[in-house]
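Below, each chain spelled out in residue letters.
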Amino acid sequence: MTDYILELKNITKTFPGVRALDNVHLQIAPGEVHALCGENGAGKSTLMKIISGAQKYTSGEILVDGKSYVFESTSEAQNVGISMIYQEFNLVPHLSVAENIFLGRLKTKNGAVQWKQIYNDANEILEKLGLDIDPHKTVSSLSVAHMQMVEIAKCLSINARVIIMDEPTAALTDEEIRVLFDIIASLKKQGISIIYISHRMDEIFTISDTITVFRDGKYIKTLKTQNTNYDELVSLMVGQSIEKLYPDRAYQKGEVVLDVKNLVGKAVNDVSFQLYKGEILGICGLLGAGNIELSKIIYGATRKTSGSVIKDGREIKCKDPYTSIKDGIGLVPDDRKNDGLVLMRSVKENISLSSLKGISTNGFIISSRENTKVANVIEALSVKVPSPEHIVGNLSGGNQQKVVFAKVLQASPDILILDEPTRGVDVGAKAEIYQIIDLLTKKGKSIILISSDLPEVIGMCDRILVMKEGKIVKEVLKSEATQEIILSYAAGGVV
C-alpha cells in the first residue's frame, strides 16, 4: 500500500529543441488540496496535461494507488479517477446540464437513451454539491460560476478521485469564489484530492494544504502551506528574492491632465474626477461597479451619453479609439487575448498595430523603421521572445501582456488606462510590470489603474477611487488605504 493516491516519478517531456519537464516528481495524498506554483513557462500546464492523459511523457512513471500507468488518452486517465477542469471550459453550450455531465457516456437500454435516469443522476450529483441548478437548463443560460460547477459535476460523474483545477477562479466574483471553496472543502471530506493551479497567492494560502513549486521545467520544493509564507514562495518561484513587489513611490502632485465631469454612459452614472500629471490613480469596485465600462467610455470604445472629458485644458470627444489614441490616451484592455492582441500574428505585427502611420510612407510600411522601433521597445520592456517574428499566441501570459504594453506605448500616449494589467501573469512578471508602470510615471505619463486585485491597487496607486453601481462613492488616499476600508465602501457598508 502507498500513502499517495497519485505519484509522478522522474517525469521528463521533450519537444523538438525544448525540454519542457526535466525529471520532475509529485506526490498527491488522498483528500488534500495540493497547489502547484511557478511562473509562466515553469512546466505546470505540461505536467497537468500528462497527468490527465492529454499528452504523453518522454520518460518517467505515473503511479495511481501504487500501480504504474501509461495513459494513451484522457479517457484512460478518467478510468482510474483522474479528471481535469481547464480554464476554458469543455462544455457544449446548446446542450443541457445533464447532457454535458454525461457527455459521451449517455446511459442506454436496448439502444434507447435513458433520459429519465440521466436527469435523475445529474440532479443527484448537483444536490451532492449543494447546488440548485436545474439539470434540464442549457449550459449557455448559466453563469460562469455555474458552468464551473457543472465541470466539477462532470468529474464526480466519472467517480474522479483526483480533480485538477486550472485557474478556477479567474472569472468568478468574491462570493462565487467562496462557494467554490466550500465545494472544495466538501470534496476533501469525501477523500477527493484537488490539484490547484492559480497565480492568486492569497487563494493558494487560503485553500491549499500543500504547495509544490516548479521553475524552468524542474521540481524545486514541496512545502506544507502552514509552514511557508509569501516571501519564501516567491523566492522559490523566481529563483531569487524579490525584495519589493511594489516600487517605492515619492509622488508629488502635479497639474491636472484629465478632468472628467459628470460622465454618463453604459453602467456609468454621473462620474467626475481629476487625474494629475505623473499620478497612478486607482479605480476599483465590486463586479458590476462600472469601473471597466468607465475606462472604455474615456477611451472611446463605448459611447458616452453625456458629460465631458477635458485633457490638458481642451475637451476631447472620446468618440472612438482611433480619435482617443490621437488625443494621447492609450488603453491596455482587461482581456488581452480577445481585445489586446491578434494571437496568430507575430510580436512585431502586434506591436506595430497602433502606430502604423509612424512607420509608413505613402501607405507602405518601411521595414527598417518598423524593425528599429519594435526592437527598441522589446528591449525597453524586457519582453522575452526568441524573435520579433515569433507568434504572440505562443508567448507566456506575462510576455503577452508586455507586448500589449509595447503596442500601446508605440502610439506615444501621455495618459494610459490599465484594465487588470497583471491578470493571469505570474509574480515575477507582475514585479516587472509594476516597475514599468512606475518608470512610465517618472517619464511624465499619467496612469489610471483599474484592478480587482486590491493589494495591487493599494501597493501601486497614489490615490484610489471606489465605485459602486456606476458612481464614485469614496476617494481613499494611499496613506489610509486598506482592503477593509475599500471593500466596505465598494459593498455600500459605509455611507
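First things first, this report covers the structure right here in the doc. Numbering of residues starts from 1 in every chain and runs along the sequence as written. In keeping with the model being predicted, local features are shown solely for residues with a pLDDT of at least 70 and side-chain atom pairs are shown and tallied solely at 80 or more, while totals for entire chains, interfaces and linings include all residues. Values reported for side chains reflect all heavy atoms of the structure, with hydrogen atoms and water molecules removed beforehand.

## As for the nonpolar core
What counts, and what does not: Residues grouped as a nonpolar core are buried Ala, Val, Leu, Ile, Met, Phe, Trp, Tyr and Cys residues, joined through side-chain atoms within 4.5 Å. Partly exposed describes any residue whose relative accessible area lies between the buried limit of under 20% and the exposed limit of over 50%, with all areas from a 1.4 Å probe on protein chains only and scaled to the type maximum. By definition, residues are in contact when any of their heavy atoms lie within 4.5 Å.
Core analysis: the biggest nonpolar cluster contains 58 residues, and Ile 437 and Ile 464 have the highest contact counts within it. In this structure Ile 464 touches Gly 282, Cys 284, Val 457, Ile 458, Lys 474, Glu 475, Val 476, Ala 481 and Ile 486, once residues within four positions along its chain are discounted. Of all hydrophobic cores here, the second largest spans 40 residues; its members include Val 33, Ile 118, Val 150 and Ala 160.

## Looking at the pairing of strand β16 (residues 304-311)
Quick reminder of the rule: Strands are labelled as partners when DSSP assigns at least two bridges between them. Helix numbers and strand numbers start at the N terminus; a helix is a DSSP run of H or I with at least 4 residues, a strand a run of E with at least 2.
Alignment of strand β13 (residues 256-265) against β16, held across six bridges, turns out to be antiparallel. Within β16, the position partnered with Leu 258 by the bridge is Lys 311. As judged from the three bridges shared by β16 and strand β17 (residues 314-316), these two strands associate in the antiparallel manner. Along β17, the bridge assignment pairs Val 309 with Ile 316. The antiparallel hairpin formed by β16 and β17 contains two residues in its connecting segment, where Asp 312 sits at a positive phi of about 50 degrees.

## Focus on the side chain of Glu 203
For Glu 203, the position within the fold is in helix α7 (residues 201-207). In contact with Glu 203, not counting residues within four places along its chain, are Thr 169, Ile 177, Phe 181, Tyr 196, Ser 198 and Ser 208.

## Considerations on the sheet that holds strand β5 (residues 67-69)
Which entries qualify depends on this criterion: Axis lines are fitted to C-alpha atoms, over the contacting stretch for helices. Their N-to-C directions set the angle, which ranges from 0 to 180 degrees.
One open sheet holds the four strands; their spatial order is β2-β1-β4-β5, and the pairing between them is antiparallel. Pairing within the sheet leaves two strands with one partner each, and these edge strands are β2 (18-28) and β5. In this sheet, adjacent strand axes meet at a mean angle of 30 degrees when their direction is disregarded. Note: strand β1 (residues 6-15) against β2, seven bridges, orientation antiparallel. Each residue of the ladder has a partner; that of Thr 14, found in β2, is Arg 19.

Any functional reading would require information that these geometric values do not contain.
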